[in-house]
Amino acid sequence: MRGCTEAINVVALGFARGLLQDGDEIIISLMEHHANIVPWQMAAQDSGAVVKVIPITETGELDLKALENLISDRTKIISLVHSSQILGTINPIKKITAMAHKKGIPVLVDGAQTAPHMPIDVQDLDCDFFTFSAHKMSGPTGVGVLYGKSEWLEKLPPHNGGGEMCDTVTFEQTTYKPIPKKFEAGTTSFADIISLGAVIDYHHALGMQAIADYEQELLEYGLEKLHQIKGLHILGSAPEKEPVVSFTIDGVDVKELEKYLNSEWGIAVKAGLLASQPLMKHLKVEQAIRASFCYYNTKEEIDTLTQAIETFIQKDS
Ligand SMILES: *Cc1c(COP(=O)(O)O)cnc(C)c1O
């Protein structure tokens, strides 16, 4: 796939074409990235299905009681982010797949934020689909992964037709190759795919658990340091978080802060709506800024980040 976005689209549009009917229901959550909202809206428009949204709690966790009530006989798929790119919350996927499978409902997990940061065992999660992007894990742009259980990939119609994915072709009818070829029409971006393989090998050489442990240490340290800045508010306080911290600061234009940290300090942060407009609306936040910690960062760099923010606040006031 070209990335997480394309992977979710392949599943969503495949569902719209063959597996969704008028009045069926799709469940997503309030903390989704646009990549896990828009494709389902499109699928709903095409099929007559409706999109239902799991609310979140004060701490920024999925409201599982509400999910239980949302699941109905019409639910055809649950598609959820593994960890929110804004709140950092790690969602309890195993609990959710267990709930869903009792009713035969498949679960898609958007792993864009977790694949780079922790060991992932799709069999243990028991998810039916899992997606992620190479560029979120120090890899090239334009390549990513769609994992699917074979039973679901068999049911899903292909999104693209063309060479490589077909078996016999006549003007009347074409038969498709078995999975995964069915989803690989045309010439794939194999140079990028080979790079993705190297990136995954690199992460495994470092050790995914070692990466997770070290980044959790950075997260704890970062949270402690950032909490000390007056007027700084962190979005999401779930006990289990990925190493991303989004925040606002009273009286500070975070877009200006972003520019300042980038250009004056060489610190790469991102500010704005951070690709989840419905979540930001719910949080009543116009713009937030996000710092992400990775295995190549250090506690000294977090000290520099907080020092830079303090300097900006003083300069600004
Ligand atoms: C970045 C991101 C995506 C989209 O990834 P692309 O590489 O742009 O396709 C989807 N979901 C989450 C949670 C993300 O962080």
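Residues numbered from 1 in each chain as written. Predicted model: local features only at pLDDT ≥ 70, side-chain atom pairs only at ≥ 80, totals over all residues. Heavy atoms only, no water.

### Let's talk about the domain arrangement of the protein
For step 1, the next point in the chain: Parsing the protein into structural domains produces domain 1 (4-203) and domain 2 (208-316).
For step 2, the next point in the chain: Measuring from the centre of the C-alpha atoms in domain 1 to the corresponding centre in domain 2 gives 28 Å.
For step 3, the next point in the chain: Together, the buried faces of domain 1 and domain 2 total about 2400 Å²; carbon and sulfur atoms form 60% of this surface.
For step 4, the next point in the chain: Of all residues in domain 1, the largest losses of buried area upon contact with domain 2 belong to Ile-86, Leu-87 and His-117, amounting jointly to 28% of the total for that side.
For step 5, the next point in the chain: Scanning the region where domain 1 abuts domain 2 turns up 0 salt bridges.
For step 6, the next point in the chain: Connecting domain 1 to domain 2 are 15 residue pairs in polar contact (both at pLDDT 80 or more).
For step 7, the next point in the chain: Considering only residue class, the side of domain 1 that touches domain 2 consists of 12 nonpolar, 13 polar and 2 charged. (Domains from an automatic or database assignment. Buried area = accessible area lost by both parts, 1.4 Å probe. Salt bridge = Lys/Arg side-chain N within 4 Å of Asp/Glu carboxyl O. Polar contact = N/O pair within 3.5 Å; in protein donor to acceptor, adjacent residues only side chain to side chain. Nonpolar A, V, L, I, M, F, W, Y, C, P; charged D, E, K, R; others polar.)

### Quick word on the sheet that holds strand β2 (residues 50-54)
Pairing between the strands of a sheet comes from backbone hydrogen bonds, and it takes one of two forms, parallel or antiparallel.
For step 1, the next point in the chain: Pairing is mixed in the open sheet, where 6 strands are placed in the order β2-β1-β3-β4-β5-β6. Strand pairing shows two members of the sheet lacking a second neighbour, β2 and β6 (144-148), which therefore form its edges. The sheet shows a mean angle of 15 degrees between the axes of neighbouring strands, taken without regard to direction.
For step 2, the next point in the chain: As paired elements, strand β4 (residues 107-110) and strand β5 (residues 129-133) share 3 bridges and run parallel to each other. (Pairing = 2+ DSSP bridges. Helix = DSSP H or I, 4+ residues; strand = E, 2+ residues; numbered from the N terminus. Axes fitted to C-alpha atoms, helices over the stretch in contact; angles between N-to-C directions.)

### Here's the deal with the packing of aromatic side chains
For step 1, the next point in the chain: Summed over the entire model, instances satisfying the criterion amount to 6 aromatic pairs.
For step 2, the next point in the chain: Judged by centre distance (6.4 Å) and plane angle (70 degrees), the rings of Phe-15 and Trp-40 are edge-to-face. One end of the pair, Phe-15, is in helix α1 (residues 4-19); the other, Trp-40, is in helix α2 (residues 38-47), and 25 residues separate them in sequence. There is no split in this pair, since Phe-15 and Trp-40 are both buried. (Phe/Tyr/Trp six-rings, centres within 6.5 Å; stacked < 30°, edge-to-face > 60°. Buried < 20%, exposed > 50% of the residue type's maximum accessible area, 1.4 Å probe, protein only.)

### Some words on helix α9 (residues 254-265)
Since the α-helix packs 3.6 residues into each turn, any two residues three or four apart lie on the same face.
For step 1, the next point in the chain: Buried within α9 we find Val-254, Leu-257, Glu-258, Tyr-260 and Leu-261. Looking straight down α9, one finds that the buried residues subtend no more than 165 degrees of arc, so they occupy a single side. Facing away from the buried surface of α9 by more than 90 degrees, the exposed residues are Lys-259, Ser-263 and Glu-264.
For step 2, the next point in the chain: With a side-chain oxygen positioned 2.9 Å from the backbone nitrogen of Lys-255, the residue opening α9 is Asp-253.
For step 3, the next point in the chain: Note on α9: the residue one or two positions beyond its end, Gly-266, has a positive phi of about 65 degrees. (Arc of directions from axis to C-beta.)

### Describing the pairing of β2
For step 1, the next point in the chain: Pairing geometry for strand β1 (residues 25-29) and β2, over 5 bridges, is parallel. Of the residues in β2, the one forming a bridge with Ile-28 is Val-53.
For step 2, the next point in the chain: This β-α-β element, β1 to α2 to β2, shows right-handed connectivity. (Right-handed = clockwise from strand over helix to strand, strands pointing away.)

### Some remarks on the layout of surface pockets
For step 1, the next point in the chain: In this structure, the largest pocket occupies an estimated 860 Å³ of space.
For step 2, the next point in the chain: Along its surface, the largest pocket is lined by 35 residues, and Ala-268, Ala-291, Ser-292, Phe-293 and Tyr-296 are the ones closest to its centre.
For step 3, the next point in the chain: At the level of elements, β11 (270-272), β12 (288-292) and α11 (299-316) are the ones that each hand at least two residues to the lining of the largest pocket.
For step 4, the next point in the chain: Of the residues forming the lining of the largest pocket, the biggest block, 4 residues, is contributed by α11.
For step 5, the next point in the chain: Of the residues contributing to the lining of the largest pocket, the split by class is 19 nonpolar, 12 polar and 4 charged. (1 Å grid on protein atoms, 1.4 Å probe; cavity = no way out; pocket = protein on both sides within 12 Å on 5 of 7 lines; lining within 4 Å. Points joined across faces, edges and corners; volume = space filled by probe spheres on them.)

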